[in-house]
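Close look at the chain arrangement
Read off the chains here:
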Amino acid sequence: MRSLATWVVPIMLPTGFFSGQSAPVNPQAPQATFRSSVELVTVTVSVRDQRGRVVRDLTRKDFTVIDSGERVEIRDFYTGDSPISLAILLDISGSMAVGGNIDRAREAVGVTTRSLRASTDEAALFTFDSGLAEVVGFTRDLNRIRGASLKGTPWGKTSLYDAIAQAATTVGERANRHRALLVITDGVDTGSKRTAAQVSGVASSIDVPVYLLTVVTPLDHPGSEFEVSSDGRATQTATLEDLARWTGGDMRITSTSAHISEAARDLLAELRYQYLITFEPGVRRGWHPLEIRTSNESLGVHARGGEK
């Protein structure tokens, strides 16, 4: 979440495809491009107050969209308590055997499904190590996910970024406006062919925010009095945090049951009460800096980094 009520979104017009190339705003961020036939752009926005609480009661009049320095009309605006389509992606690779992280991850699956609404929300469960496997397809019968067997010893390489790209594509086929991918992992990638920026490009182009719930031991938890984390893990975490931010998602680090429960509820609340803003971008070729502002400057605005 940004400290100011503004989010800068780099946009490039008019032709091309969503890629992992560099953007002027951030040399690592995914590049957003638009086909010439696209006339409207939709940006998913979440807003939090100074205490980090999700703001649910804003209206169209509370937002301003500025494209390349020019204010543009908001063509459509959607908000409200909406059904969720959530794919849960569980890391079962060998690195998860360290320090009981797999047990924390399994617990997170249960906490997340209990936080969903069985009457309206739908969810799916995927696992991955070096490859992706669908355990339970999208369903409103959340007991099917809770009852799925997740026993076994973690093993194999961790193709984290590749798995995120594949699972996000599946989520992108769902009809609900509020849809996302929740990745439960220790944050280690040892076998992916894709980079974080490339995966962010895939997810953003189909409007799927990626939420990351990283499970670690108390010794690896940043800020913990017991922390002895290595620089290597810090680098991995920073890359994952970038991926989440570029797609309009978020990341939480957890090491206890209390952390897991709080993080799952908070991330789902953000997803459920997102605002969808649609506008017509300018026709100027090249990069379009986009700002989304609220009339209350004390609020923090969070949006994904582009739209195909």
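The sections below set out a description of the structure shown in this document. (Residues numbered from 1 in each chain as written. Predicted model: local features only at pLDDT ≥ 70, side-chain atom pairs only at ≥ 80, totals over all residues. Heavy atoms only, no water.)

It is worth spelling out the sheet that holds strand E2 (residues 41–48) at this point. Strands sit in the order E5-E12-E2-E14 across an open sheet of four strands; the sheet is antiparallel. Of all strands in the sheet, those bounded by a partner on one side alone are strand E5 (74–78) and strand E14 (300–303). Adjacent strand axes in the sheet meet at a mean angle of 30 degrees, parallel and antiparallel pairs treated alike. Pairing of E5 with strand E12 (residues 275–279), which is carried by four bridges, proceeds in the antiparallel orientation. The partner of tyrosine 78 across the bridge, within E12, is leucine 276. (Pairing = 2+ DSSP bridges. Helix = DSSP H or I, 4+ residues; strand = E, 2+ residues; numbered from the N terminus. Axes fitted to C-alpha atoms, helices over the stretch in contact; angles between N-to-C directions.)

Turning to the sheet that holds strand E9 (residues 178–185), a few remarks are in order. The strands making up a sheet associate through backbone hydrogen bonding, with each pair oriented either parallel or antiparallel. Strands sit in the order E8-E7-E6-E9-E10-E11 across an open sheet of six strands; the sheet is mixed. Looking along the sheet, the strands with just one partner apiece sit at the ends: strand E8 (132–139) and strand E11 (251–254). The sheet shows a mean angle of 15 degrees between the axes of neighbouring strands, direction not considered. As paired elements, E9 and strand E10 (residues 210–215) share five bridges and run parallel to each other.

Taking 1.5 Å as the rise per residue, helix H1 (residues 101–115) with 15 residues should run 21 Å; its terminal C-alpha atoms sit 21 Å apart, in good agreement. Along H1, the residues classified as buried are Asn101, Ile102, Arg104, Ala105, Ala108, Val109, Gly110, Val111, Thr112 and Thr113. Of the surrounding elements, those touching the buried residues of H1 are strand E6 (84–91), strand E7 (122–128), helix H2 (142–146), E9, E10 and helix H6 (257–272). (Expected span 1.5 Å × (residues − 1). Buried < 20%, exposed > 50% of the residue type's maximum accessible area, 1.4 Å probe, protein only. Contact = heavy atoms within 4.5 Å.)

One can describe the packing of H1 onto H6 by two numbers: an axis separation of 9 Å at closest approach and a directional angle of 40 degrees. Put simply, H1 runs oblique to H6. Crossing hand, H1 versus H6: right-handed. Mapping the contact onto sequence places Arg104, Glu107, Ala108, Val111, Thr112 and Ser115 in H1 and Ser257, Ile260, Ser261, Ala264, Arg265, Leu268 and Arg272 in H6. Grouping the amino acids of the contact of H1 with H6 by side-chain chemistry returns five nonpolar, four polar and four charged. (Parallel < 35°, antiparallel > 145°, perpendicular 65-115°, else oblique. Left-handed = near helix turned anticlockwise from the far one by under 90°. Nonpolar A, V, L, I, M, F, W, Y, C, P; charged D, E, K, R; others polar.)

Turning our eyes to something else, we now look at the packing of helix H3 (residues 160–171) against helix H4 (residues 196–205). Packing of H3 against H4 brings their axes to within 9 Å, and their N-to-C directions diverge by 5 degrees. Considering the angle they form, H3 stands roughly parallel to H4. Contact with H3, carried on its side by Tyr161, Ile164, Ala165, Ala168 and Thr169, involves Ala196, Val199, Val202 and Ala203 of H4 and no other residues of that element. Tallied by class, residues from the contact of H3 with H4 come to eight nonpolar, one polar and no charged.

Counting buried positions along E10 gives six out of six residues, so the element sits mostly inside the fold. Judged by which residues are buried, E10 turns out to be covered on both faces: Val210, Leu212 and Thr214 on one side and Tyr211, Leu213 and Val215 on the other are all buried. Handedness of the crossover is the feature at issue here: the chain leaves E9, passes through H4, returns alongside E10, and the resulting connection is right-handed. (Right-handed = clockwise from strand over helix to strand, strands pointing away.)

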